[in-house]
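Listed here are the chains, written in short residue letters.
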Amino acid sequence: MNKAYLGIDIGSISTKGVIIDRNNKILASGYLWTEGNPVQAVKRLLVSLKDQLDHSQYQIVGVGTTGSARKLIGVITDAVEVKNEITAHAIGTTSQYPQVRTIFEIGGQDSKIILVENGIVVDYAMNTLCAAGTGSFLSSQAARLGVAVEDFGPIALTSKHPTPIAARCTVFAESDLVHKAQIGHSKEDIIAGLCNAVVTNYLNNVGKGKRIAAPIVFQGGVSKNVGVKKAFEAATGHQVIVDANGHLTGALGVAIMVKRKGVERPFSFELAQEDFTTRGRECSGCANNCEVICVYRGNKLIDAWGNKCEKGAVKVG
Amino acid sequence: MKIGIPRAFLYYRYSSLWETFLETLNVDYVVSRETDKAILKQGTIRAIDEACLSSKVYLGHVDALLGKCDAVMVPRIANFGKGNILCTKFSALYDIVDNTFRDNGLQLVGYNMDPIKSGGELAAFLDFGKKLGKKKPESFYAYTLAKQAERIDRQETLRQHEESLRKPGIKLLIVGHCYNIHDKYIGRPVLDYLATQGVTPVLADDADRRKALESAAALTETMPWIFNREQMGAIEMYRDKVDGIVLLSTFPCGPDSLANETVIRRVKDTPILNLLLDGQEGNAGVETRLESFIDIIRFRREAAYGEA
């Protein structure tokens, strides 16, 4: 029996999972929408992964979770490693592209830049409060223009004169876009302009003051947009690599971390049949009124969090 | 008469000075409770929406003192002399509070510190004593004791500060205003989180202030705000002694936005995390940023010394 490692990346929009062997070879992978229900999404993911794995050869010996629901899913799967998505992405990318120097990542709600030297992360930056120029911005502009966001890239490539659009702030960008459409700019020029705006905004915000060296790998949902990829190449003067499996990088990274950690815990796909529920309750211990989240397997409480102090602590066991 | 002191803003810098002064003069006082969600909520309702998070917290604390005292102490601190100004908030604070709470019949007391236009701290405190109905020699004595208490307090802080610099393992320099770092609802969760990760926070605010101001010149010659100059001086003093720097600011702090930009552009050899707090519910975003920052520092250390 060979050892296998499961990595799950549960983002706000999509849930990704990979099973790897000792040599980081991907044995099974899955990608589906989270649909606001991470527990359900992971159950569906496990069903899909189970069908792909050769159970006579491989046994999963450890689970790792990353992404914004990593804590919840980490509790449910009894994960060995629960890691933030930045670290997971860095490790996943360097395992596939050992020479990489710069990682661009634009997701649904955040964007980040990770700088790597000799396979080691040396610096990174993440957007602060503002979600300007992320995937959700592009989706809302697509809706305004009556175009599916998936078609943005191919349409942008047909433009000959991208419309300059103010990219500093989503609110200004939107009013600028409306104005440009009203004075007669064509749709493809506006869409290409938006792709350029995302890149300008990214390089001026998270990329500000960072030395961007090639090879560059571009990840996250927005990397599927060829218009943005092309704009990045024009702005940096370097070729930008978009991996067809780029969406799996976070899951891959955390699976590798599980393997490196060397801690093993039993795992069974039967988990997908178990009943997990979460219940929120407001603690009335003080004026903070913390929202305490309790996680149950069947009727048994398995973990709870959200309290700022001991008053809101829930006994587990 | 009972004085109410808001546990916010410069209370975190002057608590021993203010409390010893009032105690020596036999003036009864009460300090508002630690910041919680209710205080921030009240402050947010009271403040204009463009005000910074820290000033919303301040107004929440004033609100929490309503009915608990006869007068609230709100000093006006405009500057520390020529070339040493403070954020406008501190010179406007008395008027802001007076105006915000004008329908609550709130009494205010305080001192007016504005060495550029009037006297220094001693003159301000003698005047403060007078407003409290105390004679000049009484106030002078109380001020002298208060300064002594402040000095002893500061020495103890400095001793602990130097101890933290000697600790093994990962050390992060936390750069932020005292009223953000020590606030239970704003900065303390950050420090608590660092403790769970086995990281030693070194507070820039705890550095020797005179030395810090002298060191600041290496990073900035023009930074107008003295508190930011102190912090930048501390960065210059410790950038080689820590593994990374966390710039902790509240949104939208004007002075910090300039100071942080300057630091990010001029300090290139030490990893920097710019952490902007906005009183959001839930601290997942903050924890993600801190955790990944610590991971990166660990990777760097592993690469440099081969240690885990």
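Structure: see above.
All values reported here derive from a predicted model rather than from experimental measurement.

It is worth spelling out the overall build of chain B at this point. For chain B, the helix and strand inventory stands at twelve helices and ten strands. In terms of overall size, chain B behaves like a compact globule, its C-alpha atoms giving a radius of gyration of 20 Å where 308 residues would be expected to give roughly 19 Å. Counting only C-alpha atoms, chain B reaches 65 × 40 × 30 Å along its principal axes. Buried residues in chain B amount to 55% of all 308 residues. Contacts spanning at least 24 positions in sequence make up 72% of the contacts within chain B whose residues lie at least 6 apart.

Another aspect to go through is the interface of chain B and chain A. Counting residues at the interface gives 24 residues for chain B and 23 residues for chain A. Here chain B and chain A share an interface that buries about 2,100 Å² over both sides, 55% of which is from carbon and sulfur atoms. Where chain B touches chain A, the interface holds two salt bridges. Note that Lys 208 of chain A is salt-bridged to Glu 261 of chain B, the shortest N-O span being 2.8 Å. Between the two partners, chain B and chain A, sit eleven residue pairs in polar contact (both at pLDDT 80 or more). For the side of chain B that touches chain A, the elements supplying multiple residues, two or more each, are α2 (37–46), α11 (254–266), β10 (272–277) and α12 (284–305) of chain B. Partitioned by chemical class, the residues of the side of chain B that touches chain A number nine nonpolar, four polar and eleven charged.

To continue, consider the packing of aromatic side chains. Inspection of every chain in the model, using the stated rule, returns 21 aromatic pairs over all chains. For the ring pair Phe 21 of chain B and Phe 128 of chain B, a centre distance of 5.5 Å and an interplane angle of 15° mean the geometry is stacked. Taken together, the residues Phe 21 of chain B in helix α1 (residues 11–24) and Phe 128 of chain B in helix α5 (residues 121–131) connect sequence positions 107 residues apart. Of the two residues, Phe 21 of chain B and Phe 128 of chain B, neither departs from the other in class, the shared state being buried. Each member of the aromatic cluster is reached from another via a ring pair, and the members are Phe 9, Tyr 58, Phe 80, Phe 90, Tyr 179 and Phe 227 of chain B. One Lys or Arg, Arg 279 of chain A, reaches over the ring of Tyr 296 of chain A and ends 4.0 Å from the middle of that ring.

Residue and element names in this part refer to chain B. Relative to strand β2 (residues 28–31), strand β1 (residues 2–5) is paired through four bridges, and the arrangement is parallel. For Lys 2, the partnering residue across the bridge sits in β2 and is Asp 28. Each parallel crossover has a hand, and the one from β1 via α1 to β2 is right-handed.

Looking now at a nonpolar patch on the surface. A surface patch of nonpolar side chains, about 340 Å² in accessible area, is lined by Ile 13, Tyr 31 and Trp 33 of chain A. Examined against the element boundaries, Ile 13 of chain A turns out to sit in the loop between β1 (2–10) and β2 (14–20).

For the rest of this paragraph, the subject is the sheet that holds strand β6 (residues 102–106) of chain A. All names here are of chain A. The strand order across the open sheet formed by five strands is β8-β7-β6-β9-β10, and the pairing between neighbours is mixed. What marks the edges here is a single partner per strand, and that holds for β8 (120–126) and β10 (240–241). Here strand β7 (residues 111–117) runs beside β8; their pairing, made up of six bridges, is antiparallel. Note on β8: the bridge partner recorded for Leu 115 is Asp 123.

Procedures and definitions
Residues numbered from 1 in each chain as written. Chains lettered and ligands numbered in written order. Predicted model: local features only at pLDDT ≥ 70, side-chain atom pairs only at ≥ 80, totals over all residues. Heavy atoms only, no water. Helix = DSSP H or I, 4+ residues; strand = E, 2+ residues; numbered from the N terminus. Rg over C-alpha atoms; globule rule 2.2 N^0.38 Å. Buried < 20%, exposed > 50% of the residue type's maximum accessible area, 1.4 Å probe, protein only. Contact = heavy atoms within 4.5 Å. Buried area = accessible area lost by both parts, 1.4 Å probe. Salt bridge = Lys/Arg side-chain N within 4 Å of Asp/Glu carboxyl O. Polar contact = N/O pair within 3.5 Å; in protein donor to acceptor, adjacent residues only side chain to side chain. Nonpolar A, V, L, I, M, F, W, Y, C, P; charged D, E, K, R; others polar. Phe/Tyr/Trp six-rings, centres within 6.5 Å; stacked < 30°, edge-to-face > 60°. Lys NZ or Arg CZ within 6 Å of the ring centre and 35° of its normal. Pairing = 2+ DSSP bridges. Right-handed = clockwise from strand over helix to strand, strands pointing away. Patch = residues over 30% accessible without salt bridge, like charges linked within 9 Å, V, L, I, M, F, W, Y side chains within 5 Å. Areas by Shrake-Rupley, 256 points an atom, 1.4 Å probe, with all protein chains shown as cover.

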